[in-house]
Amino acid sequence: MTREEEIKAAIVVTPDAIAFVSPEMNHASEHLGLQLCFFVDFVQALEPKLQRFEATQLAAAFLENLPEMCQGNPEVIECLKQNAQLLIERRFSKS
């Protein structure tokens, strides 16, 4: 099996993935993936002895706990709410 065939075989289409057809969602997902890659780089730089998959697992564990960490910090919650409001306002100003 060629590398291209392996990649195609690994792609699974689920109802959630079908929602990725909008250009906005594709752009947001691409941006998230890039930022996640940078975060894994950051984690690996903190402990260079980590292998890439270990740094990725550690980043995933951190993200899993992020909502709980944010809930304990009202400033972070308020910042998230303000930024959400800015995105909503930007969406309505384009209409």
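Residues numbered from 1 in each chain as written. Predicted model: local features only at pLDDT ≥ 70, side-chain atom pairs only at ≥ 80, totals over all residues. Heavy atoms only, no water.

Describe the packing of aromatic side chains, listing the residues and the values that go with them.
Scanning the model with the defined rule gives 2 aromatic pairs in all. Taking the centre distance of 6.2 Å and the plane angle of 20° together, the rings of phenylalanine 39 and phenylalanine 42 count as stacked. One end of the pair, phenylalanine 39, and the other, phenylalanine 42, are both in helix α3 (residues 23-46), 3 residues apart, so they sit about a helical turn from each other. By relative accessible area, phenylalanine 39 is classed as partly exposed at 21%. Judged by relative accessible area, which is 48%, phenylalanine 42 ranks as partly exposed. (Phe/Tyr/Trp six-rings, centres within 6.5 Å; stacked < 30°, edge-to-face > 60°. Helix = DSSP H or I, 4+ residues; strand = E, 2+ residues; numbered from the N terminus. Buried < 20%, exposed > 50% of the residue type's maximum accessible area, 1.4 Å probe, protein only.)

Pulling in residues and values, what's your account of the packing of α3 against helix α4 (residues 52-71)?
Contact pair α3 / α4: the axes reach a minimum separation of 9 Å and the direction vectors enclose 110°. It follows from the interaxial angle that α3 and α4 lie roughly perpendicular. Crossing handedness for the pair α3 and α4: right-handed. Between α3 and α4, the contacting residues are Leu36, Cys37, Phe39, Val40, Asp41, Val43 and Gln44 on the first element and Arg52, Ala55, Thr56, Leu58, Ala59, Phe62 and Leu63 on the second. A breakdown of the residues in the contact of α3 with α4 according to their chemical character gives 10 nonpolar, 2 polar and 2 charged. (Axes fitted to C-alpha atoms, helices over the stretch in contact; angles between N-to-C directions. Parallel < 35°, antiparallel > 145°, perpendicular 65-115°, else oblique. Left-handed = near helix turned anticlockwise from the far one by under 90°. Contact = heavy atoms within 4.5 Å. Nonpolar A, V, L, I, M, F, W, Y, C, P; charged D, E, K, R; others polar.)

Would you mind going over the nonpolar core in detail, with residue names and values included?
Core analysis: the largest hydrophobic core is formed by 5 residues, namely Val40, Val43, Leu50, Ala55 and Ala59. Not counting chain neighbours up to four residues away, the residues in contact with alanine 55 comprise Val40, Val43, Gln44 and Leu50. (Core = buried A, V, L, I, M, F, W, Y, C linked by side-chain atoms within 4.5 Å.)

I'd like a rundown of a nonpolar patch on the surface, residues and numbers included.
Residues Leu36, Phe62, Leu63 and Met69 make up a contiguous nonpolar surface patch of roughly 330 Å² in combined accessible area. When residues of the nonpolar patch are assigned to their parent elements, the largest contribution, 3 residues, is made by α4. Among the secondary structure elements, methionine 69 is positioned in helix α4. (Patch = residues over 30% accessible without salt bridge, like charges linked within 9 Å, V, L, I, M, F, W, Y side chains within 5 Å. Areas by Shrake-Rupley, 256 points an atom, 1.4 Å probe, with all protein chains shown as cover. Salt bridge = Lys/Arg side-chain N within 4 Å of Asp/Glu carboxyl O.)

How would you sum up the confidence of the model for the protein? Please name residues and give values.
Across the protein, pLDDT averages 87, with 83% of residues at or above 70. In the model of the protein, helix α2 (residues 15-18) stands out as the element of lowest mean pLDDT, 63, in contrast to α4, which has the highest, 96. (pLDDT = per-residue confidence, 0-100.)

Summarise α4; cite the residues concerned and give the values.
Compared with the 28 Å implied by 1.5 Å per residue over 20 residues, the 29 Å span of α4 between its first and last C-alpha is a close match. Ala55, Ala59 and Cys70 are the residues of α4 that are buried. Each element contacted by the buried residues of α4 is listed here: α3 and α5 (74-94). (Expected span 1.5 Å × (residues − 1).)

Go over the pattern of salt bridges with me, naming the residues and quoting the values.
One side chain can pair with another of opposite charge once the charged atoms of both are near each other. Scanning the model with the defined rule gives 1 salt bridge in all. A salt bridge links arginine 52 to aspartate 41; the shortest N-O distance between them is 2.6 Å. On the criterion of sequence distance, the pair formed by arginine 52 in helix α4 and aspartate 41 in helix α3 is long-range, its members being 11 residues apart. Take arginine 52: its relative accessible area is 34%, and that puts it in the partly exposed class. Assessed through its relative accessible area of 35%, aspartate 41 is described here as partly exposed.

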